[in-house]
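Tertiary structure, described
The residues making up each chain are set out below.
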Amino acid sequence: MIGTKINLEKVGELLELADYGAFSKIEVLSGGWANSNYLVTCDDGAKVVLKIWREKKPAEVQEMNSSIDWIAKHGVPTPIPLKLKNGESMIVVDGFAWILIPFIDAPWISKDTASLKSLGLAIAGLHAVPNAGHFGTFYSMGIDIWPELFERAESEEKWTPFLRMLEDEIIKIDENIPFNLPKGVIHGDLFQDNILGHPGEVLAILDFEDICYNILAIDLVVAFIGCCWIDEKPVKELWFSLLSGYESVRPLSPEERSALPELYRYASLSVAAWRYRKFVLDKEDSEHAGRYLLMMKRLEESVEFLTEIRK
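Remember, predicted model here, so these are calculated numbers, not experimental data.

**Details of the pattern of salt bridges**
On inspection of all chains with the given rule, the structure shows 18 salt bridges. Ionic pairing is found between Glu156 and Lys158, a salt bridge with its closest N-O pair at 3.3 Å. Its relative accessible area of 33% is what places Glu156 among the partly exposed residues. Between Glu169 and Arg265 there is a salt bridge, and its shortest N-O distance comes to 2.5 Å.

**Remarks on the side chain of Ser36**
Its place among the elements puts Ser36 in strand E2 (residues 36-42). A distance of 3.0 Å separates polar atoms of two side chains, one belonging to Ser36 and the other to Arg54. Setting aside chain neighbours within four positions, we find Ser36 in contact with Leu50, Lys51, Ile52 and Arg54.

**Side note on unusual backbone geometry**
We note that Asp94 has phi near 55 degrees; this positive angle belongs to a residue other than glycine. Examined against the element boundaries, Asp94 turns out to sit in the loop between strand E4 (91-93) and strand E5 (96-102). The class of Asp94 is exposed, set by a relative accessible area of 70%.

**Comments concerning the environment of Ala289**
Following the sequence through the fold, Ala289 ends up in the loop between helix H8 (254-281) and helix H9 (291-298). As for Ala289 and Trp146, which are separated by 143 residues in sequence, their C-alpha atoms are 18 Å apart. Once residues within four sequence positions are removed from consideration, Ala289 is found in contact with Phe279 and Val280.

**Here's the deal with the environment of Asp19**
Inspection of the secondary structure assignment puts Asp19 in the loop between helix H1 (8-17) and strand E1 (23-28). The exposure class assigned to Asp19 is exposed, which follows from its relative accessible area of 61%. For the pair formed by Asp19 and Lys85, sequence separation is 66 residues and the distance between their alpha carbons is 7.5 Å.

**Observations regarding the sheet that holds E4**
Spatially, five strands are ordered E1-E2-E3-E5-E4 in an open sheet, and the strand pairing comes out antiparallel. What marks the edges here is a single partner per strand, and that holds for E1 and E4. Between one strand axis and the next, the sheet turns through 30 degrees on average, direction left out of account. Note: E1 against E2, five bridges, orientation antiparallel. Within E2, the position partnered with Phe23 by the bridge is Cys42.

Definitions and cut-offs
Residues numbered from 1 in each chain as written. Predicted model: local features only at pLDDT ≥ 70, side-chain atom pairs only at ≥ 80, totals over all residues. Heavy atoms only, no water. Salt bridge = Lys/Arg side-chain N within 4 Å of Asp/Glu carboxyl O. Buried < 20%, exposed > 50% of the residue type's maximum accessible area, 1.4 Å probe, protein only. Helix = DSSP H or I, 4+ residues; strand = E, 2+ residues; numbered from the N terminus. Polar contact = N/O pair within 3.5 Å; in protein donor to acceptor, adjacent residues only side chain to side chain. Contact = heavy atoms within 4.5 Å. Pairing = 2+ DSSP bridges. Axes fitted to C-alpha atoms, helices over the stretch in contact; angles between N-to-C directions.

From the geometry alone we can't say anything about function, so treat these as descriptive.
In C-alpha cells form, the structure reads like this:
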C-alpha cells in the first residue's frame, strides 16, 4: 500500500486532530516530485490527502498555508489545508511538516480546448488576487535557482555544458525580458498534474509551493509548457484556447505579448534547470536523469504563434 515507510501512529494522531476516524487504508498518490502524497481512507469511508513536505521547512510550509488561505478567500479554486483542533494546520514529524487537505475525486485536467479555456479563466482569477504582503518575489521554479546551480558546480566540480549554457543565458535575461512587465501573484508550476478537472472545467489547482509575486505572463507560458503539448509537439489550438480564456478577463498588453517567446524560452530552461538539480545533482544515477533534455529538445520546435493575435 505504501511506497515508503511512514509513521502510522502519527497518521492516526493527525487524523484525530482533524476530527477524522481511524484509517483503514493508505495509498500513494501519483504526481509531485518533491513531496509525498497519500490518499487516506478512514473506517467510515471518508477520504483525505496526507501531504508530507520533504523539501520545505515547517516554517515555510506554515507561511505557504497562510498564502493558500488568502488566495482561496479570493476565489481561487484550491483545497485549503484542514484546521486541526489545536488551531494549527500542520504537525511536524521527524522535522517534516505534515498536512491534511480535502480529497477531490477528479482526474488531471484534460488536454482539450474547453478545458484549456477554463484554465485560462482560473489563471486570470489567480492574477487578480491582491498581494497584501503575503508573497515574496523569489521564484523557486524559475531562474532564481540558477546561481545556486553554478555555486554547486564550482564547489562540487560538476560543471557541464548544460550549466555553462545556463551561465551564458542568465546574462542575457535583462536584455531580452523587459523589466516593467506587469507583476502579481503567480502559481509558477502549472503543469497538468497540478490541475484537477472534468472535461471543460477546472475544479482545483494544487501545489502552490512555488507561489510568489512575479511576472504574470510566466504562468501563461508555464501552462503552455505543461498543458498544451501532445506527444512532445506544441498544439496551437490549445494555446489559443488557454489565452482566450485568460484574455476574456485580463487582456495582455502589447509588451507582454511581445515578450512571450522569451518568457517561454526562459521558463523552458528553468524547468530543465529544476529537473537537472533534482535528478542529476541531487540524485546520482536517477532513472529520470535525462528528463531535463526533453525541455531542451522542445526549444527546437517553432512556437512563433505565441505572439499571434486571434479574434
